[in-house]
Structure formats: C-alpha cells, structure tokens
Amino acid sequence: MILFGYMAVPLSESLYVWMLAIPVVSYILLGQWLGFAVTVVFFALAVGSSVIKLGDSHVAWEAASLNLAVCFISVAGLAHVYEVVRANTERQLRASALRDSLTGTFNRTGLNVRFDYYEEAAADVPAALGLILLDLDHFKRVNDTHGHHAGDRVLRRVARCIDTHIESGDTAGRLGGEEFVVLLPDRDLEQTRRVAERIRYAIASSHGRDKSRPIEITATLGVAVRHGGESLDTLLARADARLYCGKLNNRDQVVSAVPPDADPKHV
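Calculation criteria
- Counting of residues starts from 1 at the beginning of each chain's written sequence and follows it residue by residue.
- Given that this is a predicted model, residues contribute local features only at a pLDDT of at least 70 and side-chain atom pairs are listed and counted only at 80 or more, while totals for whole chains, interfaces and linings are drawn from all residues.
- In computing side-chain values, all of the structure's heavy atoms are included and hydrogens and water are not.
- In these notes, a set of buried Ala, Val, Leu, Ile, Met, Phe, Trp, Tyr and Cys residues joined through side-chain atoms within 4.5 Å is what counts as a nonpolar core.
- Here the term buried applies to any residue with accessible area under 20% of the maximum for its type, exposed to any over 50%, and partly exposed to those in between, with areas from a 1.4 Å probe on protein chains only.
- In this description a helix means any DSSP run of H or I spanning at least four residues, a strand means any run of E spanning at least two, and both kinds are numbered starting from the N terminus.
- Two residues qualify as a contact provided that any one of their heavy atoms is within 4.5 Å of a heavy atom in the partner residue.
- Only when DSSP finds a minimum of two bridges between them are two strands counted as paired.
- Between N-to-C directions, angles cover 0 to 180 degrees, with each direction set by a line fitted to C-alpha atoms, over the stretch in contact for helices.
- As defined here, a cavity is a set of points on a 1 Å grid over the protein atoms alone where a 1.4 Å probe fits but cannot get out. A pocket is an open set with protein on both sides within 12 Å along at least five of seven lines, and residues line them when an atom is within 4 Å of a point.
- Grid points are joined across faces, edges and corners, and a volume is the space filled by probe spheres set on the points.
- Each residue gets one label: Ala, Val, Leu, Ile, Met, Phe, Trp, Tyr, Cys and Pro are nonpolar, Asp, Glu, Lys and Arg are charged, and the others, such as Gly, are polar.
- Summarising the geometry, the arc corresponds to the directions from the helix axis toward the C-beta atoms.
- Working rule for angles: under 35 degrees goes down as roughly parallel, over 145 as roughly antiparallel, 65 to 115 as roughly perpendicular, anything else as oblique.
- Distance and chemistry together define a polar contact, namely a pair of N or O atoms within 3.5 Å, with one atom able to donate a hydrogen and the other to accept it when in protein, and with adjacent residues in sequence counting only for side-chain atoms on both sides.

**So, the nonpolar core**
Within the largest apolar cluster, 28 residues are counted, with the highest numbers of intra-cluster contacts made by I132, L134, L136, I162 and I199. Taken together, the elements giving at least two residues each to this core come down to β3 (129-136), α6 (139-146), α7 (148-164), β5 (179-185), α8 (189-205) and β8 (219-225). The element contributing the most residues to this core is α7, with seven residues. When sequence neighbours within four positions are dropped, the list of residues in contact with L136 reads V154, L155, V158, E178, I217, T218, A219 and K247. Among the nonpolar cores identified, the runner-up in size contains 15 residues, and L111, F115, L131 and A224 belong to it.

**Digging into the sheet that holds β5**
Taken in spatial order, the five strands of this open sheet run β4-β5-β3-β8-β9, and their pairing is mixed. Where the open sheet ends on each side, the last strands, each with one partner, are β4 (171-176) and β9 (254-255). Direction of pairing for β3 relative to β8: antiparallel, over a ladder of seven bridges. Each residue of the ladder has a partner; that of L133, found in β8, is G222. Its contacts with the sheet put helix α5 (residues 108-121) on β3, β4 and β5, and the angle it makes with β4 is roughly 140°.

**Points about the layout of surface pockets**
Here the largest pocket defines a volume of roughly 270 Å³. Y118, E119, A122, A127 and A128 are the residues nearest the centre of the largest pocket, which is lined by 16 residues in total. Among the elements that make up the lining of the largest pocket, the one with the highest residue count is α5 (five residues). Classifying every residue of the lining of the largest pocket by side-chain character gives twelve nonpolar, one polar and three charged. Roughly 180 Å³ of volume is contained in the second largest pocket. Lining the second largest pocket are 15 residues, and of these R99, D163, I166, D170 and A172 sit closest to its centre. Going through the elements one at a time, α7 and β4 are the ones with two or more residues in the lining of the second largest pocket. Top contributing element to the lining of the second largest pocket by residue count: α7, with four residues. Broken down by class, the residue content of the lining of the second largest pocket amounts to four nonpolar, five polar and six charged.

**Some words on α6**
Taken together, the buried positions of α6 are occupied by F139, V142, N143 and H146. For α6, the arc enclosing every buried residue in end-on projection is 100°, short of the 170-degree limit, so these residues lie on one face. Exposed side of α6, more than 90 degrees from the buried face: K140, R141 and D144 are the residues found there. Positioned one or two residues after α6, G147 has a phi angle of 100°, which is positive.

**Examining the packing of α6 against α7**
If you want to describe how two helices pack, look at the angle between their axes and the distance between the axes. Running from amino to carboxyl end, α6 crosses α7 at an angle of 140°, the nearest separation of the two axes being 7 Å. Relative to α7, α6 is oriented oblique. Side by side, α6 and α7 meet where F139, V142, N143 and H146 of the first sit next to H148, A150, G151, V154 and L155 of the second. Grouping the constituent residues of the contact of α6 with α7 by class yields five nonpolar, four polar and no charged.

**Describing the pairing of β5**
In terms of burial, β5 is a largely internal element, six of the seven residues being buried. Of the pairings in the sheet, the one linking β3 to β5 comprises seven bridges and is antiparallel in character. Of the residues in β5, the one forming a bridge with L133 is V181. Pairing between β4 and β5: five bridges, direction antiparallel. In the sheet register, T171 faces β5, and the bridge partner there is L183. Remark: two residues form the turn of the hairpin made by β4 and β5, two consecutive strands paired antiparallel; G177 in that turn has positive phi of roughly 60°.

**A closer look at the side chain of D170**
Within the fold, D170 resides in the loop between α7 and β4. Of the polar contacts made by the side chain of D170, one reaches the backbone nitrogen of E167; its length is 2.8 Å. Setting aside residues no more than four positions away along its own chain, D170 makes contact with R114, Y118, L183, L184, P185 and R187.

**A closer look at the side chain of D137**
Here D137 shows up in the loop between β3 and α6. Residue classification places D137 among the buried residues on the basis of a relative accessible area of 3%. A polar side-chain atom of D137 sits 2.8 Å from a polar atom in the side chain of K247. With residues up to four places along the chain from it excluded, the contact list for D137 reads I217, T218, A219, T220, K247, R251 and D252.

By themselves, these are just geometric observations and shouldn't be taken as functional.
Dropping the structure here:
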C-alpha cells in the first residue's frame, strides 16, 4: 500500500492502520483538549512501536514510520479542526439562546439562568441581590412618530446606557417590549437605588435623532432587593409595584419604596 508517496506494506497488514481512527474517536468522545492529549500520546506510542517492530526487518522502517506519522498527523489535524468548529458553533448557539437578538442583553431565559447562578453562589455565603425593573416612558410615541426602526435604535441605545453603568459581574436583560431588568449581586437597597438613578440620568441625557428630528426618551425604574428564598418572579412583582407608583407620579424617576397610599392591587 502506498500512502502519501511512501511504501508502507506492513502498515496495511498490522494494527497501525486502525490507529488512524484514534484521533477521530478521541475528539468525538473526549472533546477538544482531552482528545488532543490522547491523540498525542497514541501518536508517540504508534510511531515508537513501529520503529521498534520494523527496525530489524527488511522493510525500510524509516519510510514506514514517516508514512504512519504523516497519516496520523493529517487525520488528527482534520479531527482537531472539526472539533474546534463544532465546539465554537455549539457555544454560539447556546449563547444566542440566552440573548435578546435586538439589544444583545439577556432574554428572559438568560435572566433565569443568571438568577439561578447568583442563588447558587449565595448558598454558602448569603448575599443581597438587587433588582432594577426599567420601563421606557411613552415609548409607543417613538414608534408612532418615528417608526419601528427608530424605536429599535432607541432600545439599543438604552441597552448601552445600562451596560455603561453596571459592573462586569452584573446582569442586564430585556423582558420584552420596552422593559429591561438589571440584576445586581451583593447590593443592598440603597446601592441598587444609586445604580438605578445613574441609569435613569444616562437615558434622559442621551440624545438620538431621526432625520434631523431629536428623539428624547426617559425611563421609570422600580427597585427591589431579594429576600431569602424569594423567586425571580416574586422579586420582579415587587419591583413592578414600585415602577407602577412611579408611572402614576410623573414618570422619569426611581422608586425604591411603595408609598403608604399606593393601590394595594399593585403592591
């Protein structure tokens, strides 16, 4: 048998040819890095044993060993490239399933995943978790006046404002429509309120334009801090009660406590 230009008759009559399947099987079963390690080990064993076995025979063992090495490296290279592409594609698909396609922030599924992550992290060392629920004021007017494309640009602008004023360990997400959520681990109510105020000011201060017409937008934000064992839905409901109070009271504000005279149906 001739492979890559080298005569290698003994390879077709031994187990060496079957060793070419090792890289493929290793990458499929073990993944990128373990597959690579196993491939390197078997490559050294295969070439080393071929040199020992063929060294005293009439066959040109140098050519046979070189042929095996070239074949093995070629198959291993293809298997490695395939596994890298597959792993990257899988990571991208997993990430896109958790992200809002318009703003790049987390979607509702992603927010649930991040909330569970914070909950697990606080299992041994309890820590506060602040939540900000943000709703854009009169956003329907933007869509009606400037069109949905302009509205999409506003949503992306708001997402950038949020991202600028949170830390790397925090989480920003979009519930849908013009509602956004921010999860702030290790923040008490006052710290969460201060972050919310910075976000509110940044949104009100940002300016967008549509065909030379300014697009100004404000937001109302409700703030709550998680109590022990509280679910994300319950925490959102409490933040929503505060947000509702802000909507009734001229909007464009941060509300961190429900007024005594608030409608009990929304508290």
